[in-house]
Amino acid sequence: MPTGIILKGIGGFYYISADEAIYECKARGIFRKNDVIPLPGDKVNFSITDEGSQKGSLDQVLPRFSQLTRPAVANINQVILVIAARSPVPDFLLLDKLLVKAAKENIKPVICLNKLDLDIDDAGRKISEAYKNAGYDFLRTSVKTGQGLDELEDKLGSMVTVFAGQSGVGKSTLLNSILKDLIMETGDLSIRSDRGKHTTRHAELIPLSCGGYIADTPGFSSFELESIEQNELQHYYSEFSNPAESCRFSGCSHANEPDCKIKELVSNGMIDMGRYERYIELLGYLKKLNDMKYKKSNKEKEKRQ
Ligand SMILES: Nc1nc2c(ncn2[C@@H]2O[C@H](COP(=O)(O)OP(=O)(O)OP(=O)(O)O)[C@@H](O)[C@H]2O)c(=O)[nH]1
Ligand SMILES: [Mg+2]
Ligand SMILES: [Zn+2]
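Residues numbered from 1 in each chain as written. Chains lettered and ligands numbered in written order. Predicted model: local features only at pLDDT ≥ 70, side-chain atom pairs only at ≥ 80, totals over all residues. Heavy atoms only, no water.

**Describing the pattern of salt bridges**
Next up, step 1: Counted under the stated rule, the structure contains 16 salt bridges.
Next up, step 2: Residue D42 pairs with R64 through a salt bridge whose shortest N-O separation is 2.7 Å. Pair noted here: D42 is in the loop between α1 (30-34) and β4 (43-50) and R64 is in the loop between β5 (55-61) and β6 (67-69), with a separation of 22 residues, a long-range link.
Next up, step 3: Judged by its relative accessible area of 29%, R64 falls in the partly exposed class.
Next up, step 4: The partner of E239 in a salt bridge is R275, with the nearest N and O atoms 2.9 Å apart. Separated by 36 residues along the polypeptide, E239 in helix α7 (residues 238-241) and R275 in helix α9 (residues 273-304) bring together distant segments of the chain. Comparing E239 with R275, the two get one shared label, buried.
Next up, step 5: Via salt bridges that share partners, D96, E239, R275 and R278 belong to a single interconnected network. (Salt bridge = Lys/Arg side-chain N within 4 Å of Asp/Glu carboxyl O. Helix = DSSP H or I, 4+ residues; strand = E, 2+ residues; numbered from the N terminus. Buried < 20%, exposed > 50% of the residue type's maximum accessible area, 1.4 Å probe, protein only.)

Following this line, the structure appears as structure tokens:
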């Protein structure tokens with residue numbers, strides 16, 4: 001049985017790349033029964049039903065080593081998190097959530113601040129300092145002036161790289177600049193918001209000549225961290241890990257405890273205040289979620305008694 005990789009899925013059909021051909025495959029009914037939703041990036045077993053017209057059936061999804069839900073792509077090695085210097089305004093809470101999720105899934109994040117040509121008041125410098133200090137790989141690009149595009153291309157190699165982030169930040173435009181010939185549909189923010197639709201509608205993996213894949217994905221504006229325990233959150237902030245050893249309490253959550261090294265570093269500017277405040281916001285959200293789960297399970301216990 002041949003194996004391949006799903007490039008995209010549209011309307012019940014999956015486009016599977018194998019041996020330099022692309023097969024259009026229908027998933028067998030078994031997937032619906034077992035609740036497995038095949039995703040772009042999935043390694044799969046499939047059978048060829050018609051070699052001439054390159055049609056087949058998707059039989060089995062092989063185990064995943066990583067998975068994101070936003071965007072829904074499997075087996076990613078690297079995620080390029082794109083924000084725009086301007087238009088749309090960067091959503092740093094969304095960015096931090098995506099960084100946490102990437103760390104949890106062992107996916108290497110690279111932050112890409114695009115539309116640098118629109119950064120007339122140099123706000124991008126502060127953003128890049130904050131995230132570079134936190135230990136992240138940070139690129140500054142402009143598709144208009146060509147700045148940073150070679151550097152972006154150098155990051156790809158033989159990995160599966162996904163572009164993710166808010167709608168309108170320039171993911172498809174960046175991809176097109178790497179692929180040279182225009183493949184992805186791009187859109188104007190003002191026209192798009194009139195239609196109330198995003199330009200890119202599905203995630204799609206594109207094979208690169210260097211052996212890797214890149215994926216364009218639709219933008220999104222909200223994303224919730226749900227599969228993360230509240231005391232686990234701080235481990236996904238690399239700038240917290242060494243100083244946390246000097247907090248008075250082991251297991252310090254860096255919120256209300258006294259003699260907290262993280263709070264000290266925030267107050268003297270060594271840790272970015274914005275990153276810390278959003279950490280506290282996320283911690284509060286996860287705590288609420290946890291309390292709700294606890295109450296629910298208590299109620300269920302009471303019912304059973
Ligand atoms: N000035 C400027 N405009 C850019 C740049 N990159 C992209 N744009 C413009 O930003 C708009 C949105 O770009 P897209 O590439 O469609 O954005 P996207 O992130 O793919 O959006 P979705 O597909 O909706 O998620 C387009 O009008 C692009 O021409 C840039 O570096 N500078
Ligand atoms: Mg797009
Ligand atoms: Zn602490």
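**Some thoughts on the packing of helix α2 (residues 92-104) against α9**
Next up, step 1: At their nearest, the axes of α2 and α9 sit 10 Å apart, and the two run at 70° to each other. It follows from the interaxial angle that α2 and α9 lie roughly perpendicular. Between α2 and α9, the contacting residues are F92, L93, D96, K97 and L99 on the first element and R275, R278, E281 and L282 on the second.
Next up, step 2: In terms of residue class, the contact of α2 with α9 is made up of four nonpolar, no polar and five charged. (Axes fitted to C-alpha atoms, helices over the stretch in contact; angles between N-to-C directions. Parallel < 35°, antiparallel > 145°, perpendicular 65-115°, else oblique. Contact = heavy atoms within 4.5 Å. Nonpolar A, V, L, I, M, F, W, Y, C, P; charged D, E, K, R; others polar.)

**As for the coordination of the zinc ion (ligand 3)**
Next up, step 1: Within the first shell, the zinc ion (ligand 3) binds the protein through C247 (SG), C252 (SG), H254 (ND1) and C260 (SG), at distances of 2.1 to 2.4 Å.
Next up, step 2: Read from N- to C-terminus, the donor residues coordinating the zinc ion (ligand 3) fall into the pattern C-x4-C-x1-H-x5-C. One exposure class covers both C252 and H254, and it is buried. (Donors = N, O, S within 2.8 Å, 3.2 Å for Na, K, Ca; no water.)

**Brief notes about α2**
Next up, step 1: Relative to the 18 Å expected for 13 residues at 1.5 Å per residue, α2 spans 18 Å between its end C-alpha atoms, a close match to the ideal helical length.
Next up, step 2: Looking only at α2, the buried set comprises L94, L95, D96, K97, L98, L99, V100, K101 and A102.
Next up, step 3: Between the side-chain oxygen of the N-cap and the backbone nitrogen of L93 there are 3.2 Å, and the N-cap of α2 in question is D91.
Next up, step 4: Just downstream of α2, N106 is the residue with a positive phi angle, here 60°. (Expected span 1.5 Å × (residues − 1). Polar contact = N/O pair within 3.5 Å; in protein donor to acceptor, adjacent residues only side chain to side chain.)

**Looking at the environment of L116**
Next up, step 1: Considering the arrangement of structural elements, one finds L116 in the loop between β9 (108-114) and α3 (123-133).
Next up, step 2: Distance from L116 to E281, taken between C-alpha atoms, is 29 Å for residues 165 residues apart in sequence.
Next up, step 3: Those residues in contact with L116 that lie beyond four places of it in its chain are A85, R140, T141, S142 and Q147.

**Overview of the domain arrangement of the protein**
Next up, step 1: Each assigned domain of the protein is listed here: domain 1 (3-61), domain 2 (67-216) and domain 3 (230-304).
Next up, step 2: Between domain 2 and domain 3, the C-alpha centre-to-centre distance is 28 Å.
Next up, step 3: Its largest share of buried area at the contact with domain 3, domain 2 owes to L93, D96 and V100, together 40% of the area lost on that side.
Next up, step 4: On the surface where domain 2 and domain 3 come into contact, there are three salt bridges.
Next up, step 5: Taken together, the elements giving at least two residues each to the side of domain 2 that touches domain 3 come down to α2 and α3.
Next up, step 6: Element by element, the count of residues in the side of domain 2 that touches domain 3 is highest for α2, at eight residues.
Next up, step 7: For the side of domain 2 that touches domain 3, the per-class residue count stands at nine nonpolar, no polar and three charged. (Domains from an automatic or database assignment. Buried area = accessible area lost by both parts, 1.4 Å probe.)

**Regarding α3**
Next up, step 1: Among the residues making up α3, those that are buried are G124, I127, S128, A130 and Y131. Buried residues of α3 fall within an arc of 160° about the axis and therefore sit on the same side. Looking at α3, the residues exposed on the side facing more than 90 degrees away from the buried face are K126 and N133.
Next up, step 2: At its buried positions, α3 is contacted by β8 (78-84), α2, β9, β10 (137-140) and α9.
Next up, step 3: Note on α3: the residue one or two positions beyond its end, G135, has a positive phi of about 100°. (Arc of directions from axis to C-beta.)

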